[in-house]
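Now for the letters of each chain:
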Amino acid sequence: MIKAPLEPYVELHGLKVWDDRHIPPGEDWRKTIADALAQTRVVLLLVSPGFIKSEFIREEELRYFLDATERYAVKVHWLLLSDLGDLANPLSDRQAILDPATP
């Protein structure tokens, strides 16, 4: 879904797009994700109810990314994919790519 619009940037700037589909069956997924996070310089977070409800995202990945913005040169960008209803958005204090009022 999001990969097609990113393709021109990948080609022009040599960016590497990574998601958890890059984890081979039988692989230590936590280590693989940690290795990928350690090489990350730009993060695009696709925020949805499922994203907010994921304990792993909230407690592991999101914490890592927000800490990395302070310690390293990691840029975190986010995009609201759908209405969150009553769920609190942990990224609401950061500027979104598009207006969150119209996901």
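Refer to the preceding data block for the structure.
Worth saying up front: this structure is predicted, and the values here are computed from it rather than measured.

The rules behind the values
- Residues numbered from 1 in each chain as written.
- Predicted model: local features only at pLDDT ≥ 70, side-chain atom pairs only at ≥ 80, totals over all residues.
- Heavy atoms only, no water.
- Helix = DSSP H or I, 4+ residues; strand = E, 2+ residues; numbered from the N terminus.
- Buried < 20%, exposed > 50% of the residue type's maximum accessible area, 1.4 Å probe, protein only.
- Contact = heavy atoms within 4.5 Å.
- Axes fitted to C-alpha atoms, helices over the stretch in contact; angles between N-to-C directions.
- Parallel < 35°, antiparallel > 145°, perpendicular 65-115°, else oblique.
- Left-handed = near helix turned anticlockwise from the far one by under 90°.
- Nonpolar A, V, L, I, M, F, W, Y, C, P; charged D, E, K, R; others polar.
- Patch = residues over 30% accessible without salt bridge, like charges linked within 9 Å, V, L, I, M, F, W, Y side chains within 5 Å.
- Areas by Shrake-Rupley, 256 points an atom, 1.4 Å probe, with all protein chains shown as cover.
- Salt bridge = Lys/Arg side-chain N within 4 Å of Asp/Glu carboxyl O.
- Lys, Arg positive; Asp, Glu negative; His and termini not counted.

Q: Even after reading the chapter, I still don't get the overall build of the protein chain, so can you show me in this structure?
A: Per the secondary structure count, the protein chain includes four helices and two strands. Along its sequence from the N terminus, the protein chain presents helices and strands in the succession α-α-β-α-α-β. By its C-alpha atoms, the protein chain is 35 × 30 × 30 Å across when sized along the principal axes. The buried share of the protein chain, taken over its 103 residues, is 27%. The contacts in the protein chain between residues at least 6 apart in sequence include a share of 59% that link residues at least 24 apart.

Q: Please clarify how the environment of Glu7 should be interpreted in this entry.
A: Counting through the fold element by element, Glu7 comes out in helix H1 (residues 3-13). Along the sequence, Glu7 and Ile33 sit 26 residues apart, while their C-alpha atoms lie 22 Å from each other.

Q: Before we go on, may I ask you to explain the packing of helix H2 (residues 29-38) against helix H4 (residues 55-71) in this structure?
A: Angle between the axes and distance between the axes are the two parameters that describe a pair of packed helices. Where H2 meets H4, the closest approach of the two axes is 10 Å, and the angle between their N-to-C directions is 25 degrees. In this view, H2 runs roughly parallel relative to H4, as classed from their interaxial angle. Along this stretch, H2 crosses H4, giving a crossing that reads as right-handed. Along its contact with H2, which presents Trp29, Arg30, Ile33, Leu37 and Ala38, the element H4 presents Phe56, Glu60, Glu61, Tyr64 and Phe65. Grouping the amino acids of the contact of H2 with H4 by side-chain chemistry returns seven nonpolar, no polar and three charged.

Q: What is the right way to look at a nonpolar patch on the surface in this model?
A: Taken together, the side chains of Leu44, Ile97 and Leu98 make up a nonpolar region of the molecular surface, amounting to roughly 270 Å² of accessible area. Tracing the chain through its elements places Leu44 in strand S1 (residues 42-47).

Q: What's the story with the side chain of Glu61 in this structure? I'm lost.
A: Mapped onto the elements of the fold, Glu61 is located in helix H4. Buried Glu61, no salt bridge; nearest opposite-charge side chain is Arg30, N-O distance 8.9 Å. Those residues in contact with Glu61, other than ones at most four positions away along the chain, are Ile33 and Phe56.

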